[in-house]
Amino acid sequence: QQLGNRRWLVVAGGLIIIVVIVTAIVWQLGKNGGSIAITLNDQDANDVDVTSPDPPLTKELPLDGALVTEEEYNNVMRYLPMAVMIENLRTVRPVSWLSRADLGFEALVEGGITRYMAVFLHHDVDEIMPVRSSRSYYLDWLEPLDGTYMHIGGAISDNPRAVALPRIFAEGIKTYMNANGAWWRKSGIAAPHNAFTSTQRMKDVQDQLGWARATTLTPWKFKDEEVSLSPTPSPEVQEQETVVNPI
């Protein structure tokens, strides 16, 4: 009988708790206008990381043959190529950022010294140095590139192949030499080896002078090399392999 009484007490206590809970819920509903705010545990949320696929590399740049997205291609092709005359004296090495050029030319100037003409289009470079004077034969390489020309001055020589300034002005080559802000001299370095430029400064000049446009140069042709893990034998080897020696 005592056990039965205890069971009734447990049941009655449970009913009382249920009534209290229901009463509290009804009261809360009335207080909030019939709604209950439920806060989910952050750990219960299903976090789905959805990332869009990288845009395809479908456009080939004309000078270095790099495959880029259509957006990058359009940004690069807003400007003409920028050819920069760069000194190569041993005493001023290392020169800066030749590795970022799309194309490079190196030729003798005077006294067994060479000079570079580095052509930039694809990559942006903050400092290109040291910028030096022009030579006429570099203009032959510049012409088919539909490019602009960064140099400071030109050679004074009896050799017509060295003198470039008359040709630059006569042919209307887009030179940055006298363009405001196209280059600067850095303190702490002896002149004339302290002239610097950057691709952004040259692009700014293109915008200011109305030069900026897509280049009309004929793109360089690049061959996609197919790698074969099992190279095909030469015809001579194939012929030898098919020979059957009589017994």
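Quantities reported herein were computed from a predicted structural model and do not represent experimental measurements.

1. Quick look at the side chain of R167
Phase 1: Following the sequence through the fold, R167 ends up in helix α4 (residues 165-170).
Phase 2: Setting aside anything within four residues of it in sequence, one finds R167 in contact with S136, L139, D140 and E143.

2. Observations regarding the pattern of salt bridges
Phase 1: Enumeration according to the criterion identifies eight salt bridges in this entry.
Phase 2: Here R161 and D140 are joined by a salt bridge, their closest N and O atoms 3.2 Å apart. Pair noted here: R161 is in the loop between β6 (148-150) and α4 and D140 is in helix α3 (residues 136-142), with a separation of 21 residues, a long-range link.
Phase 3: Classification of D140 by relative accessible area gives partly exposed; the value is 32%.
Phase 4: Across the pair R167 and D140 runs a salt bridge whose closest N-O atoms are separated by 2.8 Å. Linking R167 in helix α4 with D140 in helix α3, this pair joins segments that are 27 residues apart in sequence.
Phase 5: Where salt bridges share partners, they join D140, R161, R167 and E171 into one cluster.

3. Details of the sheet that holds β6
Phase 1: Strand order in this open sheet of four strands is β4-β5-β3-β6, and the pairing throughout is mixed. Where the open sheet ends on each side, the last strands, each with one partner, are β4 (103-108) and β6. The sheet shows a mean angle of 20° between the axes of neighbouring strands, direction not considered.
Phase 2: Here β4 pairs with strand β5 (residues 114-120) via six bridges, running antiparallel. From the neighbouring strand, L103 faces β5, where its bridge partner is V119.
Phase 3: Lying on the sheet, helix α5 (residues 199-209) is in contact with β3 (82-87), β5 and β6; it crosses β3 at an angle near 135°.

4. A short note on the packing of aromatic side chains
Phase 1: The tally for this structure, following the rule as stated, stands at six aromatic pairs.
Phase 2: With a centroid separation of 5.3 Å and an interplanar angle of 85°, the aromatic rings of Y138 and W141 are classed as edge-to-face. With a gap of three residues between them, Y138 and W141 both fall in helix α3, about one helical turn apart.
Phase 3: The buried category is assigned to Y138, whose relative accessible area is 0%.

The rules behind the values
Residues numbered from 1 in each chain as written. Predicted model: local features only at pLDDT ≥ 70, side-chain atom pairs only at ≥ 80, totals over all residues. Heavy atoms only, no water. Helix = DSSP H or I, 4+ residues; strand = E, 2+ residues; numbered from the N terminus. Contact = heavy atoms within 4.5 Å. Salt bridge = Lys/Arg side-chain N within 4 Å of Asp/Glu carboxyl O. Buried < 20%, exposed > 50% of the residue type's maximum accessible area, 1.4 Å probe, protein only. Pairing = 2+ DSSP bridges. Axes fitted to C-alpha atoms, helices over the stretch in contact; angles between N-to-C directions. Phe/Tyr/Trp six-rings, centres within 6.5 Å; stacked < 30°, edge-to-face > 60°.

Function cannot be inferred from these measures alone, as they are strictly geometric.
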